[in-house]
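Architecture and fold: a report
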Amino acid sequence: MDVIWTIISSFLEQLQKPTLSFLIAGMVLAALGSKFEIPAPVYQFIVILLLLKVGLGAGIAIREAEPMTLIVPALGAVVVGVLIVWLGGLTLARLRGVSQVDGLATAGLFGAVSASTLAAGMVMLDDSGQEYEAYIGALYPFMDIAALVTAILLARLAAARNSGLAVQGGGALALHAGQGGVAVEQGSLVRHILVDTCRSPAISAMLAGLAIGFLARPDVVYHSFYEPLFRGLLSILMMIMGMEAWSRLSALRKVAHVYVFYGLTAPLIHGFIGFGVGMAAHHLTGFSAGGVVLLAVMASSSSDISGPPTLRAALPEANSSAYVGTSTALGTPTAILLIPLWIALAELVISG
Amino acid sequence: MDVIWTIISSFLEQLQKPTLSFLIAGMVLAALGSKFEIPAPVYQFIVILLLLKVGLGAGIAIREAEPMTLIVPALGAVVVGVLIVWLGGLTLARLRGVSQVDGLATAGLFGAVSASTLAAGMVMLDDSGQEYEAYIGALYPFMDIAALVTAILLARLAAARNSGLAVQGGGALALHAGQGGVAVEQGSLVRHILVDTCRSPAISAMLAGLAIGFLARPDVVYHSFYEPLFRGLLSILMMIMGMEAWSRLSALRKVAHVYVFYGLTAPLIHGFIGFGVGMAAHHLTGFSAGGVVLLAVMASSSSDISGPPTLRAALPEANSSAYVGTSTALGTPTAILLIPLWIALAELVISG
Amino acid sequence: MDVIWTIISSFLEQLQKPTLSFLIAGMVLAALGSKFEIPAPVYQFIVILLLLKVGLGAGIAIREAEPMTLIVPALGAVVVGVLIVWLGGLTLARLRGVSQVDGLATAGLFGAVSASTLAAGMVMLDDSGQEYEAYIGALYPFMDIAALVTAILLARLAAARNSGLAVQGGGALALHAGQGGVAVEQGSLVRHILVDTCRSPAISAMLAGLAIGFLARPDVVYHSFYEPLFRGLLSILMMIMGMEAWSRLSALRKVAHVYVFYGLTAPLIHGFIGFGVGMAAHHLTGFSAGGVVLLAVMASSSSDISGPPTLRAALPEANSSAYVGTSTALGTPTAILLIPLWIALAELVISG
């Protein structure tokens, strides 16, 4: 019972930290019908700054460390991304009232990563004094792309099985899909999802930051500009996400109740998967306690910025109000509110 | 004569401070026909950051002080807001060439508060080393809402008297207006103005900041992000307000000259009302000299962001180019330029 | 050979500095088809902040120094602006496949100044520890306006010669053009170009900053807000300019190849002109080594923000995709990449 008590008191303490309090303030504002809003161009800019910061920090860290140390955690991130989608395919996508493609698209989003949730996790770790590998931001695209590729591949395979015909791609990706056999097409499909995801504004900001941090010397501008702005802008981003989550709740009334159940429980289950894989890396390679927390945070989070457009292009037949609604209204706030759990758990299991 | 001389030299000194010099630069740019502009989304974001900062600061201060100490100044703020509108109803609204509803709407805006003028007052006090209660920002909504509610109620009562019929609400508020007697309707009207004002972007940003500051622990992000940005963004806001004021001047040519007279003298008279009420609080409860100045600044200022939409919804029959033009083109710059007067006066009367 | 080696190694070192690495990252992102973008309102705001900062810094410096010391460098800036356009009129504008008005418009843009390139030069000088006169930003409008006026005058004179008729102004400027003789009209034309350029958002932000810096005391807000943001925002601006340059490259396919040659070589030649005039000022008045570098950077740069609209209004018959494309796609990135050359050269010639 002591464990639970520690977690609850740590959670209550975290609620008062800027990150969570701004998130909740945003939800309360939306619930009270406030017309408060951050203009869209400013919101996009804040997201880009956060991702550039995460990328730059990771790039600088990889340059200073051994690039090889990244391999085990990167593999871990890929495994977690694939596992989450595969699990969603076995559960959510088989339930009554959920079409297979909708279930897989939702699982894909929940396997993909939310940059703002990751950023919130970093700030909370900093506040609680737990250290983590600075290169951790570089794991983001590994888990993100693995989840999206798996979800889209499984959905297309299912469609091919169902129709007994060669898979016909939809949307932008169809233009590239070859006329050859299913195997050839799958290879090209994977490549195109990869390219499309890397070209998305969010991931390319992160990758650009990573490249600049790794190849150049942006340390001065990183420490004098990107880092100090990070916490402040995150507080505003949290408020926007809180409002957005609340306003999306109504869209969920039109979809099966099972989405609500999935949106509330999946972040917990996925976080435990990430935590477990992180613990394995901890025992194998000395991966830090903070790193384990951040792997759990990434696994727990669901993509709200970069994922949806990729899924919309690749799976145009999926119902986007189901998967985006579940992720934005339930998955993201739940994942953010769960961060204190992973911090408390790591303290108990590793440091304690 | 020494007093006047002190005030003049203090004023000339203040003109060189960033706040006033950026305001004047904006007016000069507009007068010279410059195409300089700050994009609207960025302007909205700057306003929101300023209001979040004011709210957070007030919330943190109330948490650290006794919430009870707020009661006397808050009552004072309400009294000032009501007095200003009542005075406008007795003077401006009875003049020839001014319809009663237009006069009351204008008095309502001049009773309401400008967040940027208040922010400018805070920065100038900081610069001149005069201290003030950090919770002062929390007085803003008290004066603001009191003035708007009084103006709308008086305008509707006048309309009811004139027509001899039950008041029929207009705009968004009409939807909520009950079918009962005038008294019942007035109660519901007040409630709806209150709710509408609190839901406006500006006031809800302030209230969200207040709640976060009071209930959570945003101190780190407040000191590392909101406070340092405050002065810089205020300088840009002042430039925008200067340009806006100048460009609205032409709209005033179409309305009665008495609006020009009101726009230029009301900030001075209202400032003295605020100063007087502040002095009473000073003698009763030891309210600080800086607090007296800021009460005068709030009373002197006229609402340019949150007030107009509320009035437009509640009094659709009022001529918005009269009241918005008078407030934006004359009231706001006059109130900002008068700030040094209240600082000098407080030094003479209280500190001197 | 040592000289060349020093320049090459200094160049490679500068490539790793934030300024150039963000520029190159932007070009790579665009080349890889990334959908990364900074929303236009935020981009405009960043440009305005940079120009306010450059103006404020120059204004503060002029106030603290003797205003008279500005005269020789300002004359030098005018001479450089005129020389560059005159040279373009003798070369580019006479080539086959290039209409005279297109050639002169292009030379006008290459004679005008890019604020972001100038800002990049300042940051790189700061990084390499070379000092420069803080008033140097005030030279910007002298070179900028001289070049634009010369280009437009020469283009109109040529048109008058060709048609044998009185020059008929086009666009907005035509409204002001008098009915008198050519000489009278030219005087009024120069005045209108001057007024129009000074009213453009970029130049008026700079001039407003200059006036505030010179007449008021914005030092606190300058050091606490404008200066710290400068480097950070410049890094983002460089990324946007890199992407913009790459995406404009395709527009160049439609124009004569000689534009590509001009766009790549003119920044080098113009930089040497600026460097030479700066050296003259160095020997005459002790103008600093850093000042010589910045004069070369201004001469080398081509206008990408304030110049195009002025040219479009004054020379509506010129092909804007030729001159804007050449300047944005080739002139600006080349000029930025050449900055290390001028720094290395100044070290060799002056300090060494």
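Residues numbered from 1 in each chain as written. Chains lettered and ligands numbered in written order. Predicted model: local features only at pLDDT ≥ 70, side-chain atom pairs only at ≥ 80, totals over all residues. Heavy atoms only, no water.

Where an unreviewed UniProt entry is consulted, chain A appears under the name Sodium-dependent bicarbonate transport family permease, with the organism given as Yoonia vestfoldensis SKA53.

**A short note on the UniProt feature "transmembrane region" (unreviewed entry) in chain A**
UniProt annotation of "transmembrane region" (unreviewed entry) refers to residues 20–38, 45–62, 68–92, 104–125, 137–155, 258–277 and 322–345 of chain A when read in the numbering used here. Secondary structure content for residues 258–277 of chain A is 100% helix and 0% strand, and the end C-alpha separation is 27 Å. (UniProt positions renumbered as here; feature names shortened; annotations may be inferred. Helix = DSSP H or I, 4+ residues; strand = E, 2+ residues; numbered from the N terminus.)

**Details of the relation of the copies chain B and chain C**
When chain B is brought onto chain C, the operation consists of a screw motion whose angular component is 120° and whose axial shift is 0.1 Å, with 0.0 Å RMSD remaining. What we have between these two chains is a three-fold relation. In this assembly the copies use different faces: only 8% of the residues contributing to the interface of chain B also contribute to that of chain C. (Least-squares fit on C-alpha atoms with pLDDT ≥ 70 in both. Contact = heavy atoms within 4.5 Å.)

**A look at the interface of chain B and chain C**
Taken together, the contact pairs 24 residues of chain B with 23 residues of chain C. Between chain B and chain C lies a buried interface of about 1900 Å² when both sides are counted; carbon and sulfur atoms form 74% of it. Where chain B meets chain C, there are zero salt bridges. Where chain B meets chain C, there are four residue pairs in polar contact (both at pLDDT 80 or more). Contributions of two or more residues to the side of chain B that touches chain C are made by α2 (18–31), α3 (40–64) and α11 (219–249) of chain B. (Buried area = accessible area lost by both parts, 1.4 Å probe. Salt bridge = Lys/Arg side-chain N within 4 Å of Asp/Glu carboxyl O. Polar contact = N/O pair within 3.5 Å; in protein donor to acceptor, adjacent residues only side chain to side chain.)

**As for the relation of the copies chain B and chain A**
The two chain copies are related to each other by a rotation about an axis together with a translation along it. Note on the copies: chain B fits chain A at an RMSD of 0.0 Å, the axial shift is 0.0 Å, and the rotation between them is 120°. Mapped onto chain A, only 9% of the interface residues of chain B are again interface residues, and the two copies thus contact each other with different surfaces.

**A closer look at the interface of chain B and chain A**
Tallying the contact residues gives 23 residues for chain B and 24 residues for chain A. In total, about 1900 Å² of surface goes out of reach between chain B and chain A, with carbon and sulfur atoms giving 74% of it. When the buried surface of chain B facing chain A is broken down by residue, Phe45(B), Arg199(B) and Phe225(B) rank first, second and third, together holding 27% of it. Scanning the region where chain B abuts chain A turns up zero salt bridges. For the pair chain B and chain A, the number of links is four residue pairs in polar contact (both at pLDDT 80 or more). Within the residue set of the side of chain B that touches chain A, elements represented by two or more residues are α3, α9 (182–199), α10 (201–215) and α11 of chain B. For the side of chain B that touches chain A, the element with the highest residue contribution is α3(B), accounting for eight residues. Classifying every residue of the side of chain B that touches chain A gives 18 nonpolar, two polar and three charged. (Nonpolar A, V, L, I, M, F, W, Y, C, P; charged D, E, K, R; others polar.)

**Structural notes on helix α15 (residues 320–351) of chain B**
Residues and elements named next belong to chain B. A bend of about 35° at Gly 331 is the largest found in α15, and the proline Pro 333 appears one to four places after it. Among the 32 residues that make up α15, 24 are buried, leaving the element largely enclosed by the rest of the structure. Structurally, the start of α15 carries an N-cap: the backbone nitrogen of Ser 321 is 3.1 Å from a side-chain oxygen of Asn 319. (Bend = angle between axes of the 7 residues up to and from the residue. Buried < 20%, exposed > 50% of the residue type's maximum accessible area, 1.4 Å probe, protein only.)

**Looking at the packing of aromatic side chains**
Any aromatic ring pair is given by two values, namely how distant the centres are and how the planes are angled relative to each other. What the rule picks out here adds up to 15 aromatic pairs over all chains. Ring plane angle 70° and centroid distance 5.0 Å describe the contact between Phe110(A) and Tyr262(A), whose orientation is recorded as edge-to-face. In this pair, Phe110(A) is assigned in helix α5 (residues 100–111) and Tyr262(A) in helix α12 (residues 257–285), connecting sequence segments 152 residues apart. The pair formed by Phe110(A) and Tyr262(A) is uniform in burial state, with each residue classed as buried. Considering the side-chain rings of Phe272(C) and Trp342(C), the 5.2 Å spacing of their centres and the 90° angle between planes classify their relative orientation as edge-to-face. With Phe272(C) in helix α12 (residues 257–285) and Trp342(C) in helix α15 (residues 320–351), this residue pair connects regions lying 70 residues apart in the sequence. (Phe/Tyr/Trp six-rings, centres within 6.5 Å; stacked < 30°, edge-to-face > 60°.)

**Overview of the packing of helix α4 (residues 71–90) of chain A against helix α7 (residues 140–163) of chain A**
The relative placement of two packed helices is expressed as an angle between their axes plus a distance between the axes. Residues and elements named next belong to chain A. One way to put it is that α4 packs onto α7 with a least axis distance of 7 Å and a crossing angle of 35°. Between α4 and α7 lies a crossing of right-handed hand. Contacts between α4 and α7 involve Ala 74, Ala 77, Val 78, Val 80, Gly 81, Val 82 and Val 85 on the former and, on the latter, Phe 142, Met 143, Ala 146, Ala 147, Thr 150, Ala 151 and Leu 154. Residues belonging to the contact of α4 with α7 are distributed by class as follows: twelve nonpolar, two polar and no charged. (Axes fitted to C-alpha atoms, helices over the stretch in contact; angles between N-to-C directions. Left-handed = near helix turned anticlockwise from the far one by under 90°.)

**Quick word on the nonpolar core**
The tendency in soluble globular proteins is for nonpolar side chains to be buried side by side. By size, the foremost hydrophobic cluster in this structure holds 270 residues, and its most contacted members are Tyr226(A), Tyr226(B) and Tyr226(C). Tyr226(C) has contacts with Phe22(B), Gly232(B), Ser235(B), Ile236(B), Leu49(C), Leu52(C), Lys53(C), Leu56(C) and Val221(C), leaving out every residue within four places of it along the chain. (Core = buried A, V, L, I, M, F, W, Y, C linked by side-chain atoms within 4.5 Å.)

**Here's the deal with empty space enclosed by the protein**
Applying the stated criterion across every chain, the model contains eleven cavities of 30 Å³ or more. Roughly 340 Å³ of internal volume is contained in the largest cavity. Taken together, 21 residues form the lining of the largest cavity, with Phe45(A), Leu233(A), Phe45(B), Phe45(C) and Leu233(C) sitting closest to its centre. Of all elements in the fold, only α3 (40–64) and α11 (219–249) of chain A, α3 and α11 of chain B together with α3 (40–64) and α11 (219–249) of chain C reach the threshold of two or more residues within the lining of the largest cavity. The class makeup of the residues in the lining of the largest cavity is 21 nonpolar, no polar and no charged. Considering only enclosed or pocket space, the second largest cavity measures out at about 90 Å³ in volume. Around the second largest cavity sit Pro18(A), Thr19(A), Val123(A), Asp127(A), Arg231(A), Leu234(A), Ser235(A), Val220(B) and Val221(B), which together line it. Mapped onto the lining of the second largest cavity, the elements with two or more residues apiece are α2 (18–31), α6 (115–128) and α11 of chain A together with α11 of chain B. (1 Å grid on protein atoms, 1.4 Å probe; cavity = no way out; pocket = protein on both sides within 12 Å on 5 of 7 lines; lining within 4 Å. Points joined across faces, edges and corners; volume = space filled by probe spheres on them.)

**A few points about a nonpolar patch on the surface**
Residue and element names in this part refer to chain B. A cluster of nonpolar side chains, Val 79, Leu 83, Trp 86, Leu 87, Leu 90, Leu 268, Ile 269 and Phe 272, forms an exposed patch at the surface whose accessible area comes to about 660 Å². Elements with a minimum of two residues in the nonpolar patch: α4 (71–90) and α12 (257–285). Counting residues per element, the nonpolar patch draws most heavily on α4, at five residues. Take Trp 86: it is sitting in helix α4. Looking at Trp 86, the relative accessible area reads 47%, which means it is partly exposed. (Patch = residues over 30% accessible without salt bridge, like charges linked within 9 Å, V, L, I, M, F, W, Y side chains within 5 Å. Areas by Shrake-Rupley, 256 points an atom, 1.4 Å probe, with all protein chains shown as cover.)

**Observations concerning the pattern of salt bridges**
Residue and element names in this part refer to chain C. According to the stated counting rule, one finds nine salt bridges over all chains in the structure shown. A salt bridge links Asp 127 to Arg 231; the nearest nitrogen and oxygen atoms lie 3.0 Å apart. You can see Asp 127 sitting in helix α6 (residues 115–128) and its partner Arg 231 sitting in helix α11, a full 104 residues away along the chain. By relative accessible area, Arg 231 is classed as partly exposed at 25%.

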